[in-house]
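Architecture and fold: a report
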Amino acid sequence: PTFEFSVDVGTSYAPPPFPQRSKQTGAAAAAAAAVRAAQLPMADDATASAPPVPTADDGGTAVPPATGPNDGADSAEPPKEDGTVAPADEPSKETKRERCVLEDFTQCSESHLWKLMMSFYDRKGVESWSQGIVPHFITCNAFIGAAYAKVLAGFIRDGMNPKSPEGVRLDPTEPLYIIELGTGSGKFSFYMLKALIEMKDTLDFPIDKLVYVMTDFTESNFNFWKDHPQLAPYFKSGQLDSAIFDAVNDESITLSNSGVVLGPGTVKNPICVVANYLFDTLCHDIFQVSPGLTPDGGGLLKEGLISVGSKRSDEPDPLEPEIIKRFDNHFRYDDISADYYKNEGGDEPHLERILKWYEQYFGSSSGGGGSILLPIGAIRAIRRLGAFTNGRAVVISGDKGNNNPEQFRGLLDPHIAVHGSFSVMVNYHAIGSYFTSRGGFALHNPQEEASLKVSTFVLTGDDTPCPTPGLDEDGSWLGDAISDRSDARASTCPHLCQAFSTAVDQFGPNDFFVLQKSLKEDSPAPPLKAVMALLKLGDWDPDVFYKFRDVILNQVPTCGHKLRNDLCRGIPRVWANYYMLDKDKDVAFEIGRFYYGIREYANALEYYTLSSDTIGQHHVTFHNMGLCYYSMGFPDRSLEFFAKSLEMNSEYEKAKSWKDKVAVELKNKEAGKGGPAPPPASGPPTSSTGQITSGYSDSSEEEEEEEAAGAAGSVAPAPTPAAPAPAATPAGDVPPPPGAATTEG
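The shown structure was predicted, so the numbers you read here are calculated from the model rather than taken from an experiment. (Residues numbered from 1 in each chain as written. Predicted model: local features only at pLDDT ≥ 70, side-chain atom pairs only at ≥ 80, totals over all residues. Heavy atoms only, no water.)

What follows covers the overall build of the protein chain. Across its full length, the protein chain carries 22 helices and 25 strands. A total of 745 residues make up the protein chain; the buried ones form 57% of that total. Long-range pairs, those at least 24 residues apart, make up 78% of the contacts in the protein chain with a sequence separation of at least 6. In the structure as shown, the protein chain presents an accessible area of about 29,500 Å², 53% of it carried by carbon and sulfur atoms. (Helix = DSSP H or I, 4+ residues; strand = E, 2+ residues; numbered from the N terminus. Buried < 20%, exposed > 50% of the residue type's maximum accessible area, 1.4 Å probe, protein only. Contact = heavy atoms within 4.5 Å. Areas by Shrake-Rupley, 256 points an atom, 1.4 Å probe, with all protein chains shown as cover.)

Take the state of the cysteines next. Working definition of a disulfide: a covalent bond connecting the sulfur atoms of two cysteines. The full count for this structure, using the stated rule, is 0 disulfides. Free cysteine Cys497: the closest other cysteine sulfur is in Cys493, separated by 6.7 Å. Classification of Cys497 by relative accessible area gives partly exposed; the value is 22%. (Disulfide = S-S within 2.5 Å.)

For the rest of this paragraph, the subject is the pairing of strand S9 (residues 240–244). Counting buried residues in S9 gives 4 out of 5 residues, a clear majority hidden from the surface. Bridging between strand S8 (residues 210–216) and S9 involves 5 bridges; their strand directions are parallel. Along S9, the bridge assignment pairs Val213 with Asp241. (Pairing = 2+ DSSP bridges.)

What follows deals with the side chain of Lys547. Locating Lys547 in the fold gives a position in helix H15 (residues 542–547). Among the polar contacts listed, one links the side chain of Lys547 to the side chain of Gln516, at a separation of 3.0 Å. (Polar contact = N/O pair within 3.5 Å; in protein donor to acceptor, adjacent residues only side chain to side chain.)

This part is about the packing of aromatic side chains. Enumeration according to the criterion identifies 31 aromatic pairs in this entry. Plain terms: the ring middles of Phe137 and Phe513 are 6.4 Å apart, the flat faces sit at 40 degrees to each other, and that makes the pair tilted. Linking Phe137 in the loop between helix H3 (127–130) and helix H4 (142–159) with Phe513 in helix H13 (residues 509–522), this pair joins segments that are 376 residues apart in sequence. Each member of the aromatic cluster is reached from another via a ring pair, and the members are Trp357, Tyr358, Tyr361, Phe362 and Phe408. The ring of Trp477 is capped by Arg485, whose NZ or CZ atom sits 3.9 Å from the centre of that ring. In this structure, Lys547 is placed above the aromatic ring of Phe137, and the distance from its NZ or CZ to the ring centre is 3.7 Å. (Phe/Tyr/Trp six-rings, centres within 6.5 Å; stacked < 30°, edge-to-face > 60°. Lys NZ or Arg CZ within 6 Å of the ring centre and 35° of its normal.)

Attention now goes to the sheet that holds S9. Taken in spatial order, the 7 strands of this open sheet run S9-S8-S7-S12-S18-S24-S23, and their pairing is mixed. Looking at which strands have only one partner, the edges of the open sheet turn out to be S9 and strand S23 (441–444). Here the average twist between neighbouring strands, direction ignored, is 20 degrees. Contacts from helix H10 (residues 428–437) reach strand S18 (392–399), S23 and strand S24 (453–460), with the element oriented near 15 degrees to S24. (Axes fitted to C-alpha atoms, helices over the stretch in contact; angles between N-to-C directions.)

Below, the discussion takes up the packing of helix H18 (residues 587–597) against helix H19 (residues 601–614). Running from N to C, H18 and H19 cross one another at 170 degrees; their axes reach a closest spacing of 8 Å. Comparing their axes, H19 and H18 come out roughly antiparallel. Two packed elements cross with a definite hand, and for H18 against H19 that hand is left-handed. The residues of H19 that touch H18, namely those facing Ala588, Phe589, Ile591, Gly592, Arg593, Tyr595 and Tyr596, are Tyr601, Asn603, Ala604, Tyr607, Tyr608, Leu610 and Ser611. Taken together, the residues of the contact of H18 with H19 sort by class into 10 nonpolar, 3 polar and 1 charged. (Parallel < 35°, antiparallel > 145°, perpendicular 65-115°, else oblique. Left-handed = near helix turned anticlockwise from the far one by under 90°. Nonpolar A, V, L, I, M, F, W, Y, C, P; charged D, E, K, R; others polar.)

What follows covers the environment of Asn276. Of note, Asn276 is situated in strand S12 (residues 271–276). Taking the relative accessible area as the measure of exposure, Asn276 reaches 8% and is therefore buried. Placed 121 residues apart in sequence, Asn276 and Ser397 show a C-alpha to C-alpha distance of 5.4 Å. In terms of polar contacts, Asn276 uses its side chain to reach the side chain of Tyr148, at 2.6 Å.

Further remarks concern unusual backbone geometry. The phi dihedral of Tyr277 falls on the positive side, at around 45 degrees, and the residue is not glycine. Checked against the element boundaries, Tyr277 lands in the loop between S12 and strand S13 (285–290). Take Tyr277: its relative accessible area is 16%, and that puts it in the buried class.

Further remarks concern the pairing of S24. Taking burial as the measure, the 8 residues of S24 include 8 buried ones, the bulk of the element. In S24, alternate side chains face the same way, and those of Lys453, Ser455, Phe457 and Leu459 on one face and Val454, Thr456, Val458 and Thr460 on the other are all buried. Summarising the sheet, S18 and S24 pair through 8 bridges and their orientation is antiparallel. Paired with Gly398 across the bridge in S24 is Val454. Pairing of S23 with S24 involves 4 bridges; the strand directions are antiparallel. Along S24, the bridge assignment pairs Ala442 with Phe457.

Attention now moves to a nonpolar patch on the surface. Together, Phe507, Leu515 and Leu537 make up an exposed nonpolar region whose accessible area comes to about 220 Å². Mapped onto the fold, Leu515 is located in helix H13. (Patch = residues over 30% accessible without salt bridge, like charges linked within 9 Å, V, L, I, M, F, W, Y side chains within 5 Å. Salt bridge = Lys/Arg side-chain N within 4 Å of Asp/Glu carboxyl O.)

With that settled, the discussion passes to the pattern of salt bridges. Tallied over the full model, the rule gives 24 salt bridges. Its salt-bridge partner being Lys585, residue Asp543 comes within 3.6 Å of it at the nearest N-O pair. A residue pair is termed long-range when its members are at least 10 positions apart, and Asp543 in helix H15 and Lys585 in the loop between helix H17 (561–576) and H18 qualify at 42 residues. A relative accessible area of 10% means that Asp543 is categorised as buried. Classification of Lys585 by relative accessible area gives partly exposed; the value is 26%. Between Glu653 and Lys656 there is a salt bridge, and its shortest N-O distance comes to 3.5 Å. Residue Glu653 and its partner Lys656 are both found in helix H22 (residues 653–670); the two are separated by 3 residues, about one turn of the helix.

All right, on to the packing of helix H20 (residues 619–631) against helix H21 (residues 635–648) then. Packing of H20 against H21 leaves a shortest axis separation of 7 Å and a crossing angle of 170 degrees. By the angle between their axes, H20 is roughly antiparallel relative to H21. For the crossing formed where H20 meets H21, the hand is left-handed. Every residue of H21 that contacts H20 at His619, Phe622, His623, Met625, Gly626, Leu627, Tyr629 and Tyr630 is listed here: Arg637, Ser638, Phe641, Phe642, Lys644, Ser645 and Met648. Of the residues that constitute the contact of H20 with H21, the class distribution is 8 nonpolar, 5 polar and 2 charged.

This next bit is on the nonpolar core. Counting residues in each nonpolar core, the largest one holds 113 residues, and the members touching the most others are Leu152, Ile591 and Phe594. Membership of the second largest hydrophobic core comes to 76 residues, among which are Met117, Val289, Tyr340 and Ala381. (Core = buried A, V, L, I, M, F, W, Y, C linked by side-chain atoms within 4.5 Å.)

Within the protein chain, residue pLDDT values average 79, and 73% of them lie at 70 or more. In this model residues 1–94 is a low-confidence stretch, pLDDT under 50, and it forms 222 contacts with partners more than four residues away in sequence or in other chains. (pLDDT = per-residue confidence, 0-100.)

Moving on, we get to the environment of Leu605. Relative to the helices and strands, Leu605 is located in helix H19. Sequence separation of Leu605 and Asn624 is 19 residues, and the distance between their C-alpha atoms is 8.4 Å.

See the structure below:
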C-alpha cells in the first residue's frame, strides 16, 4: 500500500457552517440611515492626500510605509502623467473624479471609519479568521500563547512576594481574572490558558482561582466559542468564561457561565488584560506637531480631521464592509492646544501631559515635525477595566506599532492598511506614557524591525496627581523624565522584567514567526532536522506541522531511526494543541499519513478516524483506512473501507482497483488457491486529500505519489499482510519490477 501527497477535493471538505451575517437593527440601522442621508458626491480637492497602497505579509501584519522625514511615498502629491509631481495648488487629472463622501471632516476617533470596522467584524464573524480574510497565525500559535503565559507568571510571582509594591500584590483567596479583549476566533485563548494550566505546579498561585475570560462585541464569535470542542473542557472546569463586551463603551462585564458581574471596584486582585491585534482597530485621534518653537518652547500642535469617502460615486449601504477596499479618505489639520481632551473620566491631565511631551519633542525647527496617532480607544478601554480594581492592572498587548517616537518624525497623513478589514499603527509610546503618568510603568521590546510589537504595562493604583492649571511647568515630565520614571518603577517587579526579557526581548513571538516563515519560503527543501527543531521550539504547533507536512512525509521514510523516534514522541503533541478553525486544514488526516509512512498502521487508523469525526467523512480517508487494514493483515476489514469509499465516490478508481484486488484474493483463499492476486494493471491506488500539494501551492487534482518503504534499518518493518501490496514509485502508479529498490536513493 502507498500514500500520495496531493489531494482530491471532496464535498465533505466544505468549510464549516459559521454564523450568518447579522442584519442591521436598532442603532446600526439608524447610523446607516444617517450616513446615507448625508452622502454627497464631490470632486477631490488638490489638498487630499493620495491613499497609500498597503502591503501585508502572510502573518496578518500589514507592512507600514516608512515614516521618516525623507520618505516621500505617502507625503508626495499624486504624480502627473509626465511623471512630475503636481503642486498643492494644481489639481491633477487623477483628483478630478467624483467620490462618495460618507462623512465630512470629523475628529478621527468619532469618524465613520470605526463604524465600518465594527460592521466588518459583526457581519463576517469567525469567517474573518477561518477563511483567511484576516491572517492571524502570528498571534494564534502555541509559541505566543506560552510566551504570554510566562510573562504573566512573572507578574504573579512578583504579586505573591510580600516585599513587592502593594499595588501589584495578589490575594490567593480571590480570583485572578485574565480578560482577553477582541478575542476573535478564540485560538489564542486556547493556547495561553492551556500553557498556564500546564504551569500550575510552578505558578505560585492557586490554579483553580485563575479565570480566563474571552470577550468580544459580536454575538457570532461568542456563540462560536460556546460550541467549540477544544474549549468545552475549560468552560466545564470553570477556568474559562466568556462575555459580550465592547471594550471602548461598556462599563461592566457579565460572565456568561458564572453570572459574575465585573464592574468598578468589584475585583480584589489586579485585572490582567490581554489584547492582540486589537488596539490597532480601536478608535484613534490624529495629531501633528509642526516645527518651529512657540513661546512656551514647543511646536505648533494640530489635530487631524478625516473625511471618510469611497472611490465610488455612490454607496447605498454606508456600513458595507467592502467599502474598506474602496477607501478614499481626505485629511485636514487645524490648530489646537494641548488641553484638547474633555470628559475623559479623569484622564484629561494625563492626555494633556502626553500631548505636551510631543509638542516639546517635535518642536525643534530642525526636526521636521512629527505625526502622531494617539490610541484613545485603547486608553479608554484600559481606564474602564482598571476601574474594576481601583486602578490596578497588568496589560500584555501585541500589535503592529511603534514604541520609539523617532518613528513619528515627518508631517504625513496616517497610513491605513487594508487587509480585509483595516488597521493603523499603534503608538505604544503614548500608551506607555499614559501608564507612567498614572503611576505605573511600561516594558517595551526595543526591536524596530518587527511585524508584531509586544509590550507589557502595569498600573499599581497609585495614580500620580497631575498639577492643573499650568501643567508641569517645571518640565519634570518632559524629555527623558517619563522613561526614567517608568524604568525605576519597573525595577520593583524583577520577575516580570526577567520573564518579559526572556519570552519577548531575547526571542519572542515575532522572532518565531520570522524563523518559521523564512524556513518555509527561503528553503525549497529544508532538512528534517531543522523542521524538527522548529516544531520543538513552537511546542509542536499544528499550523507549523501542517506547513511542513510535505517535508516531513518526504523525508521520514529514509531518516535515521533516532530522528524518527523523536518525531514520534512529538507528533501526539501536535494533536493535543489542535484548535479547530479552518476545515481546509485536516491536521488529523496529515498525522495519519505520517504514521502510515512509517508503517505504524494502528496509529494511522486512529488519526484517520479522528479526521472523519472532526472534519467529516471523505472517500479518500476511507480508502486510506482500507490500506491500513490490508497492511495489518485484515483483508476483510480493508474490503469494508474500500466499499465505504466507493459509496461516497463511486468513480474513485483507486478504491475500485483495491476493492477488486482484495476481493480476488479472498476468493482465491476460499477456493484454496492461495497466493496474492495479480496487481491491478494501473498499479496500486494511492490516497489524496484535496488541499495543498507539495511545494505549498494551492489544491490540485493532479496526484503525486510518495513511497511508503524506506531504506533498510530506517523504518520499522510492517506486519506481514495476507497478500503484500506492491510499492509505488514516486513517478507514477506503475509498480516497480520484482527486486527493484523502493527507496528514493
